[in-house]
Amino acid sequence: MPETWASSGVDLHLDRTGPRVRASLEGQLREAVRSGQLSPGLRLPSSRSLAADLGVARDTVVDAYGQLTAEGWLVAVS
């Protein structure tokens, strides 16, 4: 059964049944950007917070955020 994360009007569904949890998370975030659910400038939750909400390892979220940043879907601000 997919896990759900909802914050700031964004509703993501993560399918944790397959072996590719990170790919599922990346796909959901890409689609949220593509569809306008994630608007420019929206701050995503911290990797710790999102990992806890979804019940996945923090490294999974860190890797997904990193990959999407490298691809230009997300922007990291320090």
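Residues numbered from 1 in each chain as written. Predicted model: local features only at pLDDT ≥ 70, side-chain atom pairs only at ≥ 80, totals over all residues. Heavy atoms only, no water.

**Q** Go over the pattern of salt bridges, please, and point to the residues and values.
**A** A side chain with one charge may pair with a side chain of the opposite charge, provided their charged atoms come close. Taken as a whole, this structure holds four salt bridges when the rule is applied. Between E71 and R30 there is a salt bridge, and its shortest N-O distance comes to 3.0 Å. Placement of the pair is E71 in the segment after helix 3 (58-70) and R30 in helix 1 (residues 21-35), with a sequence separation of 41 residues. When its relative accessible area of 18% is taken as the criterion, R30 is described as buried. When the shortest N-O distance is used, the salt bridge between R34 and E31 registers 3.1 Å. Here R34 pairs with E31, and both are found in helix 1, just three residues apart, close to one helical turn. Three or more residues are tied together by salt bridges with common partners; here these are R22, E26, R30 and E71. (Salt bridge = Lys/Arg side-chain N within 4 Å of Asp/Glu carboxyl O. Helix = DSSP H or I, 4+ residues; strand = E, 2+ residues; numbered from the N terminus. Buried < 20%, exposed > 50% of the residue type's maximum accessible area, 1.4 Å probe, protein only.)

**Q** A description of the packing of helix 2 (residues 47-54) against helix 3 should follow, citing residues and the corresponding values.
**A** Between helix 2 and helix 3, the least distance of the axes is 8 Å, while the angle of their chain directions is 125°. In terms of axis orientation, helix 2 runs oblique to helix 3. In this structure, helix 2 meets helix 3 at a crossing whose hand is right-handed. Counted together, S47, R48, L50 and A51 of helix 2 and R58, V61, V62 and Y65 of helix 3 form the full contact between these two elements. (Axes fitted to C-alpha atoms, helices over the stretch in contact; angles between N-to-C directions. Parallel < 35°, antiparallel > 145°, perpendicular 65-115°, else oblique. Left-handed = near helix turned anticlockwise from the far one by under 90°. Contact = heavy atoms within 4.5 Å.)

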